[in-house]
Amino acid sequence: MPGRRRIWGYFWPRDGAFLAVALARTGHADRSVVLLSRTSELYLDPMYGFDARYLLSGGRIYLDPRRAQVDGCGWVLWAIHETGMLAALPPDVHDLRDRCTDQLLRATGGGSHLPAPGQDYWEQTTYDHLLGASAPVAAGLRFASADYRALGQEQRADVVDQAAGGVRSEIERFFGPTYLRAGTHGGLDAATAMLMPPFDPDPLPGVQEAWFGYQQEAVRPGGGLAPGSEWKNDGISWTPEVALVAYTAVASGQDEIARHWIHWLDQHRAPWGSLPEKVDSQGRAGGPAPLGWTSALVLLTLDELTEPPQG
């Protein structure tokens, strides 16, 4: 659930995955397990994966312009891995891992190609392969492979690991060396962070340069970041992208960059103190607040920082 406003009273598997990891990392692994168990009850298409969002009851939203988004299972597999490091997982979460892994294997032909063109976290209809859809798939398969190996399922782990490597190679072939949003066009995108640690411990050649470039080219008048350098020129900063860069910065050992963006987020909270979705060109908070995805990323970043940012 992204925020408290009624019009945003839905559950996004992507956001939920980050919330689950933040809960697990901050001493609430039991609540993370509950969240993943609830996620296991959602409809999951065997080929296309999770819907973009669901009713808070767990029901589907029919005729929703936000279509199925293949990154959902990638992020959920990461959340299962992280939570499983800190708590025992019930059978329904193990089953969710199996179903998500199978879905990503089908969507990528066992790692032989990228998932089909479709929406990423921008939630815009497209016929392009997008970095923000492909990167989480490679990461999710890699985390699932590690889980299967830890469970002693070596053959399954090998199959999934091979698929993860195949998708990663396809990402390098299609998006490298510049890592633009849609390969040859679309500008630099916050999705470059999805190819950085902790999601990929050894970034592909050119990824870190693209990650730095995104922070320069997507900066907005209010001091934050747009989803991409070719996002509409409305002057609005988006906090999830800022927080995603902060988290991947600290995971990459670049604490000063992380502190810079965390300090900016701290200075642009909503009047009641929570983190909003957007900040306008005048530095005013807007959109739903609190935003779960942003809040989770901030907690994860603070958890990793060796010293808290100075106010």
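Residues numbered from 1 in each chain as written. Predicted model: local features only at pLDDT ≥ 70, side-chain atom pairs only at ≥ 80, totals over all residues. Heavy atoms only, no water.

1. A word on the state of the cysteines
In plain terms, the rule: Disulfides are defined as cysteine sulfur pairs within 2.5 Å. Numbering goes from the N terminus for both helices and strands, where a helix is a DSSP run of H or I of at least four residues and a strand is a run of E of at least two. Partly exposed describes any residue whose relative accessible area lies between the buried limit of under 20% and the exposed limit of over 50%, with all areas from a 1.4 Å probe on protein chains only and scaled to the type maximum.
As enumerated under the stated definition, the model contains 1 disulfide in all. Cys-73 shares a disulfide with Cys-100; S-S distance 2.4 Å. Between Cys-73 and Cys-100, the S-S torsion sits near -70°, and that sign places the bridge as left-handed. Of the two residues, Cys-73 sits in helix 3 (residues 71–84) while Cys-100 sits in helix 4 (residues 91–107), which places them 27 residues apart along the sequence. Neither Cys-73 nor Cys-100 differs from the other in exposure class; each is buried.

2. Some points on the sheet that holds strand 7 (residues 285–286)
Stated formally: Here a strand pair is declared whenever DSSP counts at least two bridges between the two strands.
Taken together, the 3 strands give an open sheet; going across it, the order is 5-6-7, and neighbouring strands pair in antiparallel fashion. This sheet does not close on itself; its edge strands, each paired only once, are strand 5 (237–238) and strand 7. Note that strand 6 (residues 278–279) and strand 7 share 2 bridges and pair antiparallel. The residue bridging Val-279 from the neighbouring strand is Ala-285, located in strand 7.

3. What to know about the side chain of Gln-254
Rules: The term polar contact refers here to a pair of N or O atoms within 3.5 Å; inside protein, the definition further demands a hydrogen-donor-capable atom paired with an acceptor-capable atom, and it admits residues adjacent in sequence only when both atoms are side-chain atoms. Note on definitions: a residue-residue contact is assigned when non-hydrogen atoms from the two residues lie within 4.5 Å.
If you trace the backbone, Gln-254 turns up in the loop between helix 8 (239–251) and helix 9 (255–267). There is a polar contact of 3.5 Å between the side chain of Gln-254 and the side chain of Gln-208. Discounting residues that sit within four places of it in the chain, Gln-254 has contacts with Met-196, Gln-208, Trp-211, Phe-212 and Ala-249.

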